[in-house]
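The chain contents come next:
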Amino acid sequence: MKTKKIVKLAPSILTADFGHLAEQIAAADRGGADYIHLDVMDGCFVPNISFGPLLVKAVRGMTTLPLDVHLMITDPDRYLQDFAGAGADIITVHTEATLHLHRTLQLITALGCKAGVALNPATSVEAIHEVLPLLDQVLVMTVNPGFGSQRFIETMTAKIRRMARLMDELCPLADLQVDGGIHPDNIADVVDSGANVIVVGSSVFNDKGTPAANLALLREHLLESV
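Thresholds, definitions, all that
Residues numbered from 1 in each chain as written. Predicted model: local features only at pLDDT ≥ 70, side-chain atom pairs only at ≥ 80, totals over all residues. Heavy atoms only, no water. Phe/Tyr/Trp six-rings, centres within 6.5 Å; stacked < 30°, edge-to-face > 60°. Helix = DSSP H or I, 4+ residues; strand = E, 2+ residues; numbered from the N terminus. Buried < 20%, exposed > 50% of the residue type's maximum accessible area, 1.4 Å probe, protein only. Core = buried A, V, L, I, M, F, W, Y, C linked by side-chain atoms within 4.5 Å. Contact = heavy atoms within 4.5 Å. Pairing = 2+ DSSP bridges. Axes fitted to C-alpha atoms, helices over the stretch in contact; angles between N-to-C directions. Right-handed = clockwise from strand over helix to strand, strands pointing away.

(A) Spotlight on the packing of aromatic side chains. Under the definition given, this model contains 1 aromatic pair. Ring geometry for Phe18 versus Phe51: centroids 6.2 Å apart, planes at 40°, classification tilted. Of this pair, Phe18 sits in the loop between strand 1 (8–11) and helix 1 (21–30) while Phe51 sits in the loop between strand 2 (36–41) and helix 2 (53–60), and the two are 33 residues apart along the sequence. When its relative accessible area of 38% is taken as the criterion, Phe18 is described as partly exposed.

Given below as structure tokens:
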């Protein structure tokens, strides 16, 4: 019988209040966050610009939680050493932005970080079939990357299930992460589909409640998937 993986919540700081970032991260930490997720965007691979290694280094000084760095950038190999040196624990690159994916994953691992690959909504799960045994994490995007607070693409639930089946066969110990449009009303369905690491941004950092209260609400809805 397959063992169900522990579900982890990874608040993304993309929608946090950067004027009070240390307080926001501390509040998420106290609220039971498992990771801090950092979305790095270059304005080329995605139509937005966020931040780089210097902010990752600053966040490293704010928390002891693992830093889950999602590189939405072209030619990520140029910056892997910088992000690893800044304190990243997990580095995820996009298969669509990486020319030699095997080499990139080997570089991440050699830098002492866990290696992840992300897929855009239109990218087939089969696109990463050959590298699955090398991975610590697969990230299925359930929105088109570039902006926070987007609506979950409903057809992605079936894709998550397909990815979970393929991972069970080729990398059963790796985490299946989902990012985009996750909120209390759909988090249980996403986990039931096979995901065990959930990136949550605007559902944690918002003006409706504290990060701790919002994380507690998400975990309460997760009980529906048990």
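(B) Geometry of the nonpolar core. The biggest cluster of nonpolar side chains holds 64 residues, and the ones touching the most others in it are Ile13, Leu38, Ile91, Ile128, Val138, Met163 and Ile198. Beyond its immediate chain neighbours, meaning those up to four positions away, Ile91 contacts Val69, Leu71, Leu80, Phe83, Ala84, Ile108, Cys113, Lys114, Ala115 and Gly116.

(C) Geometry of the sheet that holds strand 2. Pairing is parallel in the open sheet, where 8 strands are placed in the order 1-8-7-6-5-4-3-2. Only two strands of the sheet have a single neighbouring strand rather than two, namely strand 1 and strand 2. Pairs of neighbouring strands in the sheet enclose a mean axial angle of 25°, with direction left out of account. Of the strands in this sheet, strand 1 and strand 8 (197–200) touch helix 7 (residues 211–222), which is tilted by about 150° from strand 1.

(D) Structural view of the pairing of strand 8. Of the two faces of strand 8, the one lined by Val197 and Val199 and the one lined by Ile198 and Val200 are each fully buried. Bridge count between strand 1 and strand 8: 4 bridges; the pairing is parallel. Paired with Pro11 across the two strands is Val200, which belongs to strand 8. Bridging between strand 7 (residues 175–179) and strand 8 involves 3 bridges; their strand directions are parallel. Its bridge partner lying in strand 8, Val178 is registered against Ile198. For the crossover from strand 7 across helix 6 (residues 187–192) to strand 8, the handedness is right-handed.

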